[in-house]
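Structural overview for review
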Amino acid sequence: MMHICTGAAAHVAVPTALIVGTILTAVNQGAVIVSADLSPALVARVAANYLVPFVVSSIGYLVAGREPNAPPERQSEPQRKDQP
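The structure presented is a predicted model; accordingly, all values stated were derived computationally and were not measured.

About the thresholds
Residues numbered from 1 in each chain as written. Predicted model: local features only at pLDDT ≥ 70, side-chain atom pairs only at ≥ 80, totals over all residues. Heavy atoms only, no water. Helix = DSSP H or I, 4+ residues; strand = E, 2+ residues; numbered from the N terminus. Buried < 20%, exposed > 50% of the residue type's maximum accessible area, 1.4 Å probe, protein only. Contact = heavy atoms within 4.5 Å. Areas by Shrake-Rupley, 256 points an atom, 1.4 Å probe, with all protein chains shown as cover. Expected span 1.5 Å × (residues − 1). Bend = angle between axes of the 7 residues up to and from the residue. Polar contact = N/O pair within 3.5 Å; in protein donor to acceptor, adjacent residues only side chain to side chain. Axes fitted to C-alpha atoms, helices over the stretch in contact; angles between N-to-C directions. Parallel < 35°, antiparallel > 145°, perpendicular 65-115°, else oblique. Left-handed = near helix turned anticlockwise from the far one by under 90°. Nonpolar A, V, L, I, M, F, W, Y, C, P; charged D, E, K, R; others polar. pLDDT = per-residue confidence, 0-100.

1. Things to note about the overall build of the protein chain
For the protein chain, the helix and strand inventory stands at three helices and zero strands. When the elements of the protein chain are put in sequence order from the N terminus, they spell out α-α-α. In the protein chain, buried positions account for 26% of the 84 residues. Sequence separation of at least 24 residues holds for 63% of the intrachain contacts in the protein chain that already meet a minimum separation of 6. For the protein chain, the accessible surface area stands at approximately 5,900 Å², while carbon and sulfur atoms represent 69% of it.

Below you can see the structure in the form of structure tokens.
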């Protein structure tokens, strides 16, 4: 779980979450936000709009970097293209 919040996975997931979360929020909650009818339930839904793409993007990034059929101790975080 710690790899999701730090390092290269977060470097990829944060922009994805910001873009997708903003689009989801605008589509699903835009009218409520514009009407200024804020509630704790709305705040939770908006947070989920950002959290879900962040987690999915992070897990996808980490899974893509795993070696097929490698034992867990040999699987490492994928290298970014700008790193050797």
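2. Let's talk about the environment of H11
The topology assignment puts H11 in helix α2 (residues 7–34). Using a relative accessible area of 49% as the deciding quantity, one classes H11 as partly exposed. C-alpha of H11 to C-alpha of S58: the two residues are 47 residues apart in sequence and 9.0 Å apart in space.

3. Some points on α2
In a regular helix each residue adds 1.5 Å, so 28 residues correspond to 40 Å; α2 covers only 36 Å between its end C-alpha atoms and thus falls short of that length. Bending of α2 peaks at approximately 65 degrees at the position of N28. Those residues of α2 lying buried are A8, A9, A10, A13, A17, G21, T25, Q29 and G30.

4. Examining the side chain of N49
Looking at the secondary structure, you find N49 in helix α3 (residues 40–64). A polar side-chain atom of N49 sits 3.2 Å from a polar atom in the side chain of T25.

5. Remarks on α3
Helical periodicity: at 3.6 residues per turn, an α-helix aligns residues three or four positions apart in one direction. A rise of 1.5 Å per residue sets the reference length of α3, with its 25 residues, at 36 Å; its end C-alpha atoms lie 36 Å apart and thus fit the reference within 8%. Every buried residue of α3 is listed here: L42, V46, N49, P53, F54, S57, S58, Y61 and L62.

6. So, the packing of α2 against α3
Across the interface, α2 lies against α3 with an axial gap of 7 Å and an inter-helix angle of 150 degrees. Judged by the inter-axis angle, α2 sits roughly antiparallel to α3. Crossing of α2 against α3: the hand is right-handed. For the contact of α2 with α3, the per-class residue count stands at 19 nonpolar, nine polar and one charged.

7. Some details on the confidence of the model for the protein chain
Mean pLDDT over the protein chain works out to 80, with 71% of the residues at or above the 70 mark. α3 holds the highest mean pLDDT among the elements of the protein chain, 91, whereas helix α1 (residues 2–5) holds the lowest, 56.

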